[in-house]
Every structure is written in structure tokens, then in C-alpha cells.
Amino acid sequence: MKQPQGAGGVLSGNGLKWALVAGIDIALLYIVTMMYAQGEIAFALVILLLGSIGTWVFTSEKAYNFRYVYPSLLGVILFVVFPLIYTVNIAFTNYSSTNLLPFERVKQIHLDKTYSSGEEKFALSLYQHNDAYQLQLTSKQNNDEAYTTEAFSVAQLPAAISANKSTIAEGDKLTMRDVIKLRGDLSQLTVMLPNQSELVMTSLREFGSMAPLFKEGDNQSLINNQTGDVYQPDHATGFYMSQDGERMAPGFTVYVGWDNFVRVLTDPGIQGPFWKILGWTVTHAGLTVLFTLIIGLMLACLVQWEPLKESGIYRVLLILPYAVPAFISILIFRGLFNQNFGEINMVLNSLFGISPEWFTNEYLAKAMILIVNCWLGYPYMMILTMGLLKAIPEDLYEASAIDGANPLHNLRHITVPMIIKPLIPLLIASFAFNFNNFVLINLLTGGGPNLIDASTPAGATDILVSYTFRIAFGSYGQDYGLASAIAGLIFVIVGVIAWANLKATSKLQEQ
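Residues numbered from 1 in each chain as written. Predicted model: local features only at pLDDT ≥ 70, side-chain atom pairs only at ≥ 80, totals over all residues. Heavy atoms only, no water.

The chain carries the name Maltose/maltodextrin transport system permease protein in an unreviewed UniProt entry, which gives Endozoicomonas euniceicola as its organism. Word for word, the UniProt comment on the chain under Sequence similarities (unreviewed entry) is "Belongs to the binding-protein-dependent transport system permease family. MalFG subfamily." (UniProt positions renumbered as here; feature names shortened; annotations may be inferred.)

Next comes the structure, spelled out in C-alpha cells:
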């Protein structure tokens, strides 16, 4: 049997490869087209660029070596580099809940606004015949003037429908109760009269003529048809402004340069809380690492103490908190520390007659966070130090015992020096984790108690990441531009801390 020319290549491994690449490229092109149509140009360009590079890498012999690193590079670009660039870009804009859309979209929204001109009003009657409906509109000024629309279906509701005097309504006239049930659909209808005037639903009982509220003037300005006021686009604030300085919402997104960064560094309502929160973030992360290390090391030494009987049981019991999901432990502690009904305050009140305000007092709230975080973190440190303690030669302790050293001397001169070098990278990782421990803060205190002198949502127990989250997605207005500027500063600060930690680690390990 004669094989068609080229069929061998298609049926071989190369044919399958080309088919797979073609299928992926078609799917990517579809995604890019959909994103571009929705105005997500940046995302569309990134996917198009990465898809093109991927096609070249997996089809070109010259790029053969890159096939092994491309998936990891793709992940880094998609989930690290691109979000970082996108965040920095937003930091230079006024992108917020009040300035969410581009200029052209906002302008079109204003031009689409209408108002009831009051020139013509029609009483409505709704008729139904099977699944078809017809509107009969009777002029309130002249009862002899009545228009009836064409039949329409609610399931496929047209945006506009024509009405004429000659059309006769069919079916039964619906009661007001039925009209009320269909008011959502009727409010979307625009009825076109023979004289080209448009009517829309103005109340449950009538349709009225509507007119555009604005018309376009010179230099992108908008003229109010009711009042004659002129609104000029202000590209410094991102709003249409009247001559009296009145802003017209919604606003549009504009580039504001370094304004968001300047606000963080100079606005007293932002600058003060920012530095206060930064200090607490570093303190919280540092003290958590220190306390969990001390507790974990002490417990590790205890469970490995030879005279201790049944040490395996204690070891399992002490590691158990690490097996419980963190969010469950946090919510349990939130209940235990409840100021009115919590068991901790009940015990303290019965023993000492005190009832601490864990959630409203700034210092007690911070102490509570450290207590809970130590509970969550000490098993990790205990596990680490248990492994490191096993690696210390017993000869060293025997020699120190001969010299008359006590346990404190052993800890200071043998245990700590032997475990600190391999422990430092893990301590840095623990510091970085607690620096951004959003779940703990959000579930336990929600950042509260709130700072009084702050002009943005900020709390005494907020750390930088929760502070940024509240600015960007809180219930007091979303300021994405400012949040992105703070996120950029966090990136720089974390980068400096990481660089300093790495330098210190290198010096320590060289000694």
C-alpha cells in the first residue's frame, strides 16, 4: 500500500509534537484575543510573548538546552516578575475604587447618562399572549394618543422595540402585581415611537421620554444639558471638574508620578502609622524567632535528657500543635482570649481579680500575638534543634563534665556554638515567614486596635502586609495606587534585610 507523501513525518514523534504545539498555540491565541477584547492588554502581551518564546524553545534545535529551564523561568516570570512590574506600574497611578476605569470608558459612562425630560409621559398597560408580551402606552396629555409595541419575549428581551398606533394588543391585560414582577425586564426596554423619540420606564405605572444628560464639548469637555455647566477633564486628579471645582464621579485612572511614594513619606496620617507598623513588623518577627528558638531549644534538650522516662510520649505531645492547622489554632486562641467570655480572663479574674483587655489595649494585643505565635512556632524550632543536638559528639559533654562544667556552661560553650551555623539559614527563613505572617494578624486581631492618628486604615498590631491589604481591599475605600507604593517599599525593605542577613551569615560561616 502506497503511503501518502509526508504521512510518515506526521505519524512519527515529530508529527505529534507539531500537533501538540499547534494546539497549545491556538488555545493561547484564543486566550490572548479574549484578554485583548476585555482591555487586559498587559496580560495579553505577556502571554503572547511567553507563548512565542515557548514555541521557539520547543521547536528549534538551537534552543534545545533551554527546554529544561524554560518551565521554571516561565513560573518565575508569571508569578514573580510580572506581578512585581504590574504592582510598580500601579504605584505610579491613582488607581482606586473612585478612579478605576480608563478615561475613554469614564467619558462614555457620562455620555450614556440620561434624565427624564418630562416632555412626554405615557401610562403603561402590559398584555400577555402565551409567552409573548406587548406594551400599550397611552399619552397622559391626550388619551386618544396610544401606541402598542410589537410582541416580545422576556427570555430574549430586545434592547429597543418599536411602537405604533396601528398595532393591536393581543391577549390578556396583566394586573399591577404581574407588572411589578416584570419590572426588572421592563426597565431594560427602550420603546421607539414613530417620531424617533425614545421612552423608558420611569415608574411602575408610566413610561417617559429621556434625554442625554451630557453632550460632548470642545477639548474632551462635557456640557450638562439640564444646567448648561461645563465639565473639563482634570488629568491631575483624574476627575471631570466643573468651573466651581466640583468633582463628577466616577473618576478615571491617570499617572501621578511619585505622588503615592511622597504621601507615604511625608503625609503625617500615613508616614507615622507606616514607620510605627514597620517597627512592629520587625519587632514581631524578631521576637517570635527569638522566643520560639529559646522555647524549642529548651524543650529539645529536655526530651533528649537521658534520665527522663517515656521521653517519646512527651516528644509526640509537644509536636502535636504543629500538626493542627494554624488557622484552627488561631481561632481557638481568639476565643480563649475573649475579653468577656474567654477562659483565660476567667482564670485571671478568679485568681488575681483582673480582666485584661486583650483586643483593645495596644500592648496587650501585641503580647497576645507573640504568645499565640510562639505556640504555633516552637514545635518547628524544637524539631530542628533536636536533629542538630543529635549531631553534637557526646565526647564534648563528657570532657566538659570532667572539667566541672554545669549545664549552663555546656549550653553556652558547646551546644549553641555547634548548632548556630546550620541554624542561621533556617532562622532567616523563619524571620521572613513571620515578617509576612498575614494569616495570624488577620484572624487574631484584624490589625486592631485602630490607630487614631492615621488617615488610612491602620491598626496597632498591623504588620506591613496586613496594612497594605487593608488599604487595597479594606472596607474603607480601596486605594490600590497607595497600597502598591507601600508594597514596593516593602519589597525594597525586605530585599535590604535579606541582603544584610546573607552578608552576616557569610561572615559567620567564614569564622
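Chemist: Explain helix α8 (residues 259–266) to me, please; I cannot follow it from the model alone.
Modeler: Working note: α-helix, 3.6 residues per turn, so residues spaced by three or four point in the same direction. Burial in α8 covers these residues: N260, F261 and V264. On an axial view of α8, the arc spanned by its buried residues comes to 100 degrees, and they lie on one face. (Buried < 20%, exposed > 50% of the residue type's maximum accessible area, 1.4 Å probe, protein only. Helix = DSSP H or I, 4+ residues; strand = E, 2+ residues; numbered from the N terminus. Arc of directions from axis to C-beta.)

Chemist: Teacher, can you tell me more about the UniProt feature "transmembrane region" (unreviewed entry) in the chain here?
Modeler: The UniProt record annotates "transmembrane region" (unreviewed entry) at residues 16–35, 41–58, 70–92, 277–302, 314–337, 363–381 and 480–502. Secondary structure across residues 314–337 comprises 88% helix and 0% strand; the distance between its end C-alpha atoms is 26 Å. The distance from the first to the last C-alpha atom of residues 480–502 is 32 Å, and the span holds 100% helix and 0% strand.

Chemist: So what exactly am I meant to see when it comes to the environment of M35 here?
Modeler: Here M35 is to be found in helix α2 (residues 13–37). Sequence-wise, M35 and R315 are 280 residues apart; in three dimensions their C-alpha atoms are separated by 54 Å.

Chemist: I tried to follow the side chain of N99 on my own but got confused; where do I start?
Modeler: Turning to its location among the elements, N99 is positioned in the loop between α4 (70–91) and α5 (103–111). From its side chain, N99 meets the backbone oxygen of G238 in a polar contact 3.0 Å long. Setting aside chain neighbours within four positions, we find N99 in contact with N94, T237, G238, F239, G251, F252 and T253. (Polar contact = N/O pair within 3.5 Å; in protein donor to acceptor, adjacent residues only side chain to side chain. Contact = heavy atoms within 4.5 Å.)

Chemist: Before we go on, may I ask you to explain unusual backbone geometry in this structure?
Modeler: Excluding glycine, most residues fall at negative phi; most peptide bonds, likewise, are trans. Following A249, the chain continues into P250 via a peptide bond in cis, with omega recorded as 0 degrees. Within the secondary structure, P250 sits in the loop between β14 (247–248) and α8. With omega at 5 degrees, the peptide bond leading from G448 into P449 counts as cis. As for its position among the elements, P449 is in the loop between α16 (438–444) and α17 (464–473). Positive phi outside glycine occurs at N219, with the angle close to 55 degrees. Its identity is not glycine, yet Q220 carries a phi of approximately 65 degrees, on the positive side.

Chemist: When you look at the packing of aromatic side chains in this model, what are you seeing that I'm missing?
Modeler: The way to describe two aromatic rings as a pair is by their centre distance and the angle between their planes. Per the counting criterion, the structure on display carries 25 aromatic pairs. Ring geometry for Y322 and Y380: centres 6.3 Å apart, planes at 40 degrees, overall tilted. Note that Y322 is positioned in helix α10 (residues 311–323) and Y380 in helix α13 (residues 362–390), a separation of 58 residues in sequence. Taking relative accessible area as the criterion, Y322 reaches 43% and is therefore assigned partly exposed. Using a relative accessible area of 27% as the deciding quantity, one classes Y380 as partly exposed. Members of the aromatic cluster, each reached through a chain of ring pairs, are Y95, F438, F469, F473 and Y480. (Phe/Tyr/Trp six-rings, centres within 6.5 Å; stacked < 30°, edge-to-face > 60°.)

Chemist: I tried to follow the pattern of salt bridges on my own but got confused; where do I start?
Modeler: Tallied over the full model, the rule gives five salt bridges. For E216, the salt bridge is made with K107, and the minimal N-O distance between the two is 2.3 Å. Of this pair, E216 sits in strand β10 (residues 214–216) while K107 sits in helix α5, placing them 109 residues apart in sequence. By relative accessible area, E216 is classed as partly exposed at 46%. (Salt bridge = Lys/Arg side-chain N within 4 Å of Asp/Glu carboxyl O.)

Chemist: Any chance you could explain the sheet that holds strand β13 (residues 239–241) here in plain terms?
Modeler: Within a sheet, each strand pairs with its neighbour through backbone hydrogen bonds, oriented either parallel or antiparallel. Within the open sheet, the five strands sit side by side as β10-β11-β12-β13-β14. Their pairing is antiparallel. Across the chains shown, the open sheet's two edge strands, defined by having one partner strand only, are β10 and β14. Of the strand pairs in this sheet, β13 and β14 are connected by two bridges, and their pairing is antiparallel. Bridge pairing links M241 to R247 in β14. Against the sheet, α5 contacts β10, β11 (222–224), β12 (230–234), β13 and β14, and its axis sits at roughly 130 degrees relative to β10. (Pairing = 2+ DSSP bridges. Axes fitted to C-alpha atoms, helices over the stretch in contact; angles between N-to-C directions.)

Chemist: Is there a simple way to think about the packing of helix α11 (residues 326–336) against α13 in this case?
Modeler: Relative orientation of the contacting elements α11 and α13 amounts to 145 degrees, with a least axis distance of 11 Å. With respect to the hand of their crossing, α11 and α13 are arranged in right-handed fashion. Listed contacts from α13 to A326, S329, I330 and F333 of α11 are V372, W375 and L376. Here the contact of α11 with α13 is composed, by residue class, of six nonpolar, one polar and no charged. (Left-handed = near helix turned anticlockwise from the far one by under 90°. Nonpolar A, V, L, I, M, F, W, Y, C, P; charged D, E, K, R; others polar.)

Chemist: Teacher, can you tell me more about the pairing of strand β3 (residues 146–149) here?
Modeler: Two faces, one strand: in a regular strand the side chains alternate between the faces of the sheet. As judged from the three bridges shared by strand β2 (residues 132–139) and β3, these two strands associate in the antiparallel manner. Counterpart to L137 in the pairing with β3 is Y147. The pairing of β3 with strand β5 (residues 160–164) spans two bridges and is classified as antiparallel. Residue pairing in the sheet places T149 in a bridge with A163 of β5.

Chemist: Please clarify how the state of the cysteines should be interpreted in this entry.
Modeler: Simply put, the disulfide is a covalent bond whose two ends are the sulfur atoms of two cysteines. One pass over the full model with this rule turns up zero disulfides. For C301, which is in no disulfide, the shortest distance to another cysteine sulfur is to C374 and amounts to 17 Å. The partly exposed category is assigned to C301, whose relative accessible area is 32%. Under the relative-accessibility criterion, C374 is labelled buried at 10%. (Disulfide = S-S within 2.5 Å.)

Chemist: Explanation requested: a negative patch on the surface in the structure shown.
Modeler: Taken together, the side chains of E306, E394, D395 and E398 make up a negatively charged region of the molecular surface. Mapped onto the elements of the fold, E398 is located in helix α14 (residues 394–402). (Patch = residues over 30% accessible without salt bridge, like charges linked within 9 Å, V, L, I, M, F, W, Y side chains within 5 Å. Areas by Shrake-Rupley, 256 points an atom, 1.4 Å probe, with all protein chains shown as cover. Lys, Arg positive; Asp, Glu negative; His and termini not counted. Charge placed at Lys NZ, Arg CZ, Asp CG, Glu CD.)

Chemist: Could you clarify how one ought to interpret the environment of D267 in this entry?
Modeler: Among the structural elements, D267 can be located in the loop between α8 and α9 (268–303). Spatially, the C-alpha atoms of D267 and A454 are 9.8 Å apart, while their sequence positions differ by 187 residues. Residue contacts for D267: discarding those within four places in its chain leaves V262, G272 and S455.

Chemist: Explanation requested: the nonpolar core in the structure shown.
Modeler: Generally speaking, nonpolar side chains in soluble globular proteins are found buried as a group. Among the nonpolar cores identified, the biggest contains 45 residues, and F274, Y467 and I486 are the most heavily contacted of them. Looking at which element gives the most residues to this core, the answer is α9, with 11 residues. Excluding anything up to four places from it in sequence, I486 contacts V264, F274, Y467, T468 and I471. Formed by 20 residues, the second largest nonpolar core is a distinct cluster that contains F152, V179, L199 and M201. (Core = buried A, V, L, I, M, F, W, Y, C linked by side-chain atoms within 4.5 Å.)

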